[in-house]
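What follows is each chain in one-letter form.
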Amino acid sequence: MIILGLDPSLSSTGWGVIRSEGSRISHVAHGQVKTASATPMPERLAFLQAELAQVIARYRPDRAAAEEIFLNKNPQSTLKLAQARGAVLATCGAAYDGMGLAVREHAARAVKKSVVGTGAAEKAQVQAMLKVLLPGVKVVGADAADALAVAIADAHLG
């Protein structure tokens, strides 16, 4: 099974693709889709959608997984996150000639618990565990690391 993990964000959406065979996982690919803050919102969302559509077309995942949305203290940040997340989910829904790519959603605490063993894990602990679970993989950034963690958690929880 090929699983696409997603960490939606307007500034830098992380994505990670893993292969899950029983309890074994292996790295396929990962990356980040970055948008420029000076670019108008519709163009940023369209760029995000187009880039993720290419990822889906290239790796042909069997399913996707994303963290459930959380509320920031800043309502504007929450709104931007929700818009980026909407673009990500719409891209999955439109995949495979409109047949759609199923998306499972997981709470951040469940992802951390699945990968590290505790739901209160810090980002550094998650990234350290990724090095153990995916030996030799050099993760390109924090957002890609989070996306790989979501994919791994989905494989464990699935």
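Procedures and definitions
Every chain begins its residue count from 1, and numbering advances along the sequence as written. Per-residue local features of the predicted model are confined to residues with pLDDT of at least 70, and side-chain atom pairs are confined, for both listing and counting, to 80 or more; whole-chain, interface and lining totals are unaffected and use all residues. With hydrogens and water stripped out, all remaining heavy atoms of the structure feed into the side-chain values. Helix and strand definitions here come from DSSP, where helices need a minimum of 4 consecutive H or I residues and strands a minimum of 2 consecutive E residues; each element is numbered from the N-terminal end. When accessible area is computed with a 1.4 Å probe and restricted to protein chains, residues below 20% of their type maximum are described as buried, those above 50% as exposed, and intermediate ones as partly exposed. When checking whether two residues touch, look at their non-hydrogen atoms; a contact exists if any pair is within 4.5 Å. Think of a salt bridge as a Lys or Arg side-chain nitrogen and an Asp or Glu carboxyl oxygen that are within 4 Å of each other. Orientation is described by lines fitted to C-alpha atoms, with helices fitted over the stretch in contact, and by angles between N-to-C directions that extend from 0 to 180 degrees. Each angle gets one of four labels, with under 35 degrees taken as roughly parallel, over 145 as roughly antiparallel, 65 to 115 as roughly perpendicular, and the rest as oblique. Gly is placed with the polar residues, together with every amino acid not listed as nonpolar (Ala, Val, Leu, Ile, Met, Phe, Trp, Tyr, Cys and Pro) or charged (Asp, Glu, Lys and Arg). Only buried Ala, Val, Leu, Ile, Met, Phe, Trp, Tyr and Cys residues count toward a nonpolar core, and they belong to the same one when joined by side-chain atoms within 4.5 Å. Left-handed is the label given to a crossing in which the near helix is rotated counterclockwise from the far helix by less than a right angle, and right-handed is the label when the rotation is clockwise.

Considering the environment of Val-28
1) Next: Structurally, the position occupied by Val-28 is in strand β3 (residues 24–34).
2) Next: What makes Val-28 partly exposed here is its relative accessible area of 32%.

What about the side chain of His-106?
1) Next: Inspection of the secondary structure assignment puts His-106 in strand β5 (residues 103–106).
2) Next: Setting aside anything within four residues of it in sequence, one finds His-106 in contact with Ala-65, Ala-66, Glu-67, Glu-68, Val-111, Asp-154 and Leu-157.

Considerations on the pattern of salt bridges
1) Next: Across all of its chains, the model carries four salt bridges by this definition.
2) Next: With a closest N to O distance of 2.5 Å, Asp-146 and Lys-123 form a salt bridge. Of this pair, Asp-146 sits in helix α5 (residues 142–157) while Lys-123 is found in helix α4 (residues 123–133), placing the two residues 23 residues apart along the sequence.
3) Next: Classification of Lys-123 as partly exposed rests on a relative accessible area of 48%.

A short note on the packing of helix α3 (residues 108–116) against α5
1) Next: As a packed pair, α3 and α5 sit with axes 9 Å apart at the nearest point and diverge in direction by 80 degrees. Taken together, the axes of α3 and α5 lie roughly perpendicular to each other. Judged by residue contacts, Ala-110, Val-111, Ser-114 and Val-115 of α3 engage Ala-149, Val-150, Ile-152, Ala-153, His-156 and Leu-157 from α5.
2) Next: Considered class by class, the residues forming the contact of α3 with α5 number eight nonpolar, two polar and no charged.

Things to note about the nonpolar core
The nonpolar side chains of a soluble globular protein tend to be buried, and buried together.
1) Next: Formed by 22 residues in total, the largest nonpolar core has its most connected members in Leu-4, Leu-6, Trp-15, Leu-48, Leu-52 and Leu-101.
2) Next: Of all elements in the fold, only β1 (2–7), β2 (12–21), β3, α1 (41–59), β4 (63–67) and α2 (75–94) reach the threshold of two or more residues within this core.
3) Next: With six residues, α1 is the largest single contributor of residues to this core.
4) Next: Each residue touching Leu-48, except ones within four places of it in the same chain, is listed here: Ser-9, Thr-13, Val-33, Ala-84, Ala-87 and Val-88.
5) Next: Counting 18 residues, the second-largest nonpolar core is a separate cluster that includes Val-111, Leu-130, Val-150 and Ala-151.

Here we look at the packing of α1 against α2
1) Next: Relative orientation of the contacting elements α1 and α2 amounts to 35 degrees, with a least axis distance of 9 Å. Note that α1 runs across α2; the crossing there is right-handed. For the pair formed by α1 and α2, the contact residues are Met-41, Leu-45, Leu-48, Gln-49, Leu-52, Ala-53 and Ile-56 on the first element and Lys-80, Gln-83, Ala-84, Ala-87, Val-88, Ala-90, Thr-91 and Cys-92 on the second.
2) Next: Residues of the contact of α1 with α2, tallied by class, amount to 11 nonpolar, three polar and one charged.

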